[in-house]
Amino acid sequence: QVTRLADYRPPAWTVPAIALDFDLDDKATRVTSRLTVERGEGGPLVLDGEGLRLISLSVDGKPLGDGDYSYADDKLTITLNGDSHIVESVVEISPIANTQLMGLYASEGMLCTQCEAEGFRRITFFPDRPDVLSRFTVKMTADKARYPVLLSNGNRVAAGEGKDGRHWAEWEDPFPKPCYLFALVAGDLSALKDEFVTASGRKVELGIWVREADVPRCRHAMDALKSSMRWDEQVYGREYDLDLFNIVAVSDFNFGAMENKGLNIFNSKYILADADTATDLDFDNVAAVVAHEYFHNWTGNRITCRDWFQLSLKEGLTVYRDQEFSADHGSRAVKRIEDVRMLRAVQFQEDSGPLAHPVRPESYMEISNFYTATIYNKGAEVIRMLATLLGADRYRAGCDLYFDRHDGQAVTIEDWVKAHEDANGLDLTQFRRWYAQAGTPRVAVSSRYDAASKSLEIDLAQSTPPTPGQDSKAPFHIPLDVALFGRDSGARLGDPRLIELKDSSATIRLDDVAEPPVLSINRGFSAPIAIDAPQTREELAHLSAHDDDPFARYEALQRLALLTLTDAIRRGDEVADPALVDAVAATLDSGLDPAFIGEAVLLPSEAFIGDQMPTVDPDAIHGVREATRRTLGSQLNDRWWSAYRANRDNRYELNPEAKGRRRLKNVALGYLVADADPKAVSTTFEQFGDADNMTDRLAALGLLTSLEVGEREAALAAFHARYKNDPLVLDKWFATQALSTHPDALDQVIALSRHADFSRTNPNRFRALIGSFGANQPRFHAADGGGYAFLANEVLAVDGLNSQSAARMVQPLTRWRRFGADRAALMRAELERILATPGLSKDVYEVVSKGLA
Ligand code: ARG
Ligand code: ZN
């Protein structure tokens, strides 16, 4: 049951056209499909089909009998003699019974689809692989009262009334596409409508379809859509290509959103936003996901993947594009900080664990398990490095050639790299290793300054730890952005420069270095690696005060904090280093952008601290980090209060400046509460009650939820009462409690798993409680294993309903090797218990068996 890249063969049959006819009903939908098939590589016609009730089959109008085909193990096999045939099938499926949310399913009374990666086979028989491109025509008939709106890809070409209160619509997509981009929606929906005129003058009708009451919450998404369309024209020269662009928001959705041609389907979490219900982060995420899905129109749809091993071809590239879009529409530095934080928190962990895989994997059991931070976020970093190495003009030339050459095709990552080589006359042979080798490279850095010759020698050595199936690694081509700052003057010495490390080790000599320097390296996180540099606290404090790259400044302060924290953990005491307190104070006094300060003064997360240690000790990490937060809170009490007050009394606005002020204000409040300043607790409770926006209200609720104070219960009850009818906000109520460091968090979470509002069939709700709890390092890793047992029970409870949810939630248990013997044994025991459970999904089986191996 393993699929391998090496086994790729072109399709035996192609399907230039498919006509679908849906007789929609939530209990039993009848799907008639007419495929035009043409001989490709040859052999029998094998179509995928999963859980379909076959009603009839015919070839060229002649019904097939039992002996003319076989349908077993999710494959329909028909032997065909000629080179071109019409294959017709009628099947029945049940949307309401579809809890996997793959294929055609029901969500709050509407019907919708999700086909990537392999959901189309749950709708009808088809070669469900991305290199079979077809022209789709879709007719659907449904009850008019229940489903007044009928949407699919492309353009609506006809519509009419049927009998018995039914009506129909016919849609046609002029662009051939793989079946994973097919979409259909039927429901009682209203649209926020708008219009966009492309650079060459095409008028595009835009619609965001939601329940009527939610229409006013779609404005932000619509504005983001229009700026994405403009940005792609300006930055990549890519225009939209249909007269219609529709988005539908649904409440039950396995992931963020889906880029179906002309009909994106979204998790409502990434569409609906207003000040009362969405945080600043939510607004940013809405814009980023809208942009991401829109950008897929060129990077994913016009040019798609040959096979699923090439997934990063579209996902890594599209993430890179949405990251740059966001950077261009807000603070570039803060965006970079957020992206790197996420990469380190999720992708670095993946890369150092049993599920590590290259950006282009070589095998999988279940492709759904490979929609990972490695494919998406490391994939984006690889493209960022390519853009850095080439420079803006050559990168654009490479992209232009890629679009010219491959428009309308299903291609490989190799084709992408080749386009950049050919456009620029380059050899990227070594660079390709970023796609093939897993693991996070480490680069050891040391330097010597020679005062007599005014030169600096930098020694660099790279190494990458082994990962499953890859014992030894060849050196990577690593772009390192470096700059020097005068130890005495604090001024930058010369221009920043890009060092390209290609060998396993190298010595770089820099001349004309006027004074003893402090080295700033991997600025802007120019490569997704870990740096081992024996920098002193003084040097780090110096960079945190003087570096002119905000990311590097942030990084210096983070590393200083990390040194302080890991030292204290090793020593077994909890005293914070005065150098850290001074550096945080200096950053607060720096007069820089509040958004930046708010990020820079946060301590590294407990998970990130754990990653730096040979064995993760969750209790020690939590103890020391909290103690350090207390120290910073009390020693800088005045500064936090002034940061709080200076940024408090502004009327709610949604712009980068206002968002930054809210951020810093709430970070400051967090430090004051950490120090148990009684005035801070009452201020937090007031802010919770008085806030005119969700960012401030939720920040206050989050702080109160971790405390053992009376205000905690009052705030949680008030929040629930106020938002009980808003599922997206209720998710925050669950997540806040699941992430709380309250000593009784585990019991509280167990109680919440029995709450009437908890749900295992709604992925957002399930993830809000169970996913958040799995990320709550100190409480999930409770020494008695109670957190592990709870998580395992939930995984088993959800697996039969939604195996993708289950496979995602089980992942924290696979990191058992990183913990001490007692915890490791408890975690393993839960994995073994899961593995021994009969009827496990392929999804969970893959994750758990790899996790134990
Ligand atoms: N292509 C979608 C996106 O990133 C995500 C689809 C996820 N599919 C899955 N099986 N996990 O925009
Ligand atoms: Zn994507």
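As a convention, each chain's residues are numbered from 1 in the sequence order in which they are written. To label them, take the chains in the order written and letter them from A, then take the ligands in the order written and number them from 1. A pLDDT threshold of at least 70 governs which residues receive local features in this predicted model, and a stricter bar of 80 or more applies before side-chain atom pairs are shown or counted, although totals over entire chains, interfaces and linings include all residues. Side-chain descriptors were evaluated using all non-hydrogen atoms of the structure, hydrogens and water having been removed beforehand.

Novice: Before we go on, may I ask you to explain the overall build of the chain in this structure?
Specialist: Tallying secondary structure elements over the chain gives 27 helices and 31 strands in all. As defined in this context, the radius of gyration uses C-alpha atoms, and a globule is described by 2.2 Å times the residue total to the power 0.38. Its C-alpha radius of gyration of 28 Å places the chain within 12% of the 29 Å reference for a compact globule of 853 residues. Based on the C-alpha atoms only, the size of the chain along its principal axes is roughly 90 × 65 × 60 Å. Burial classes: relative accessible area under 20% of the type maximum marks a residue as buried, over 50% as exposed, and values in between as partly exposed (1.4 Å probe, protein chains only). By the burial criterion, 58% of the 853 residues in the chain qualify as buried. Only heavy atoms enter the contact rule, under which two residues are in contact if any of them lie within 4.5 Å. For the chain, long-range pairs separated by at least 24 residues make up 70% of all intrachain contacts whose partners lie at least 6 apart in sequence. Put simply, the chain shows about 31600 Å² of open surface, and 49% of that area lies on carbon and sulfur atoms. The positive count covers Lys and Arg only, the negative count covers Asp and Glu only, and His and the chain ends enter neither. In plain terms, the charge of a residue is placed at NZ if it is Lys, CZ if Arg, CG if Asp and CD if Glu. Side chains of the chain carry 96 positive and 127 negative charges; the gap between the two charge centres is 0 Å. Secondary structure is summarised from DSSP: a helix means a run of H or I of at least four residues, a strand means a run of E of at least two, and numbering begins at the N terminus for each. Shrake-Rupley sampling with a 1.4 Å probe provides the accessible areas, and residues are treated as covered by the protein chains on show and by no other component.

Novice: Please explain the coordination of the zinc ion (ligand 2) as it appears in this structure.
Specialist: Geometrically, a metal with four donors at the corners of a regular tetrahedron has ideal angles of 109.5 degrees, and one with six donors at the corners of a regular octahedron has ideal angles of 90 or 180 degrees. Surrounding the zinc ion (ligand 2) are the protein donor atoms His 292 (NE2), His 296 (NE2), Glu 315 (OE) and Glu 315 (OE), which sit 1.9 to 2.8 Å from the metal. Here the coordinating atoms are restricted to nitrogen, oxygen and sulfur within 2.8 Å of the metal centre, or 3.2 Å for Na, K and Ca, and because water is not among them the sites may look incomplete. Key to geometry: four donors with every angle between 85 and 135 degrees are tetrahedral; four donors are square planar and six octahedral where opposite donors lie over 155 degrees apart and all remaining angles lie between 65 and 115; all other sites are irregular. Each of the six donor atoms around the zinc ion (ligand 2) contributes to a set of angles spanning 48 to 160°, which defines the coordination as irregular. Sequence positions of the residues that donate to the zinc ion (ligand 2) give the spacing H-x3-H-x18-E. One end of the pair, His 296, is in the loop between helix 2 (280-295) and strand 22 (304-305); the other, Glu 315, is in helix 3 (residues 311-328), with 19 residues separating them in the sequence. Taken as a pair, His 296 and Glu 315 share a single burial class, namely buried.

Novice: What's the story with the pattern of salt bridges in this structure? I'm lost.
Specialist: Opposite charge on two side chains permits them to pair, given that their charged atoms come into close proximity. Between Lys or Arg on one side and Asp or Glu on the other, a salt bridge is scored when a side-chain nitrogen of the former is within 4 Å of a carboxyl oxygen of the latter. Counted according to the given criterion, the structure contains 77 salt bridges. Notably, a salt bridge pairs Asp 276 with Arg 722, separated by 2.9 Å at the nearest N-O pair. Here Asp 276 is found in the loop between strand 21 (263-267) and helix 2, whereas its partner Arg 722 is found in helix 19 (residues 710-723), with 446 residues between them in sequence. Residue class for Asp 276 comes out partly exposed when judged on its relative accessible area of 31%. The partner of Asp 567 in a salt bridge is Arg 570, with the nearest N and O atoms 3.0 Å apart. With Asp 567 and Arg 570 both in helix 10 (residues 550-571) and three residues apart, this pair spans about one turn of that helix. Judged by relative accessible area, Arg 570 falls into the exposed class, the value being 64%. A network of salt bridges, in which partner residues are shared, links Glu 108, Arg 211, Asp 214, Arg 217, Asp 274 and Asp 726.

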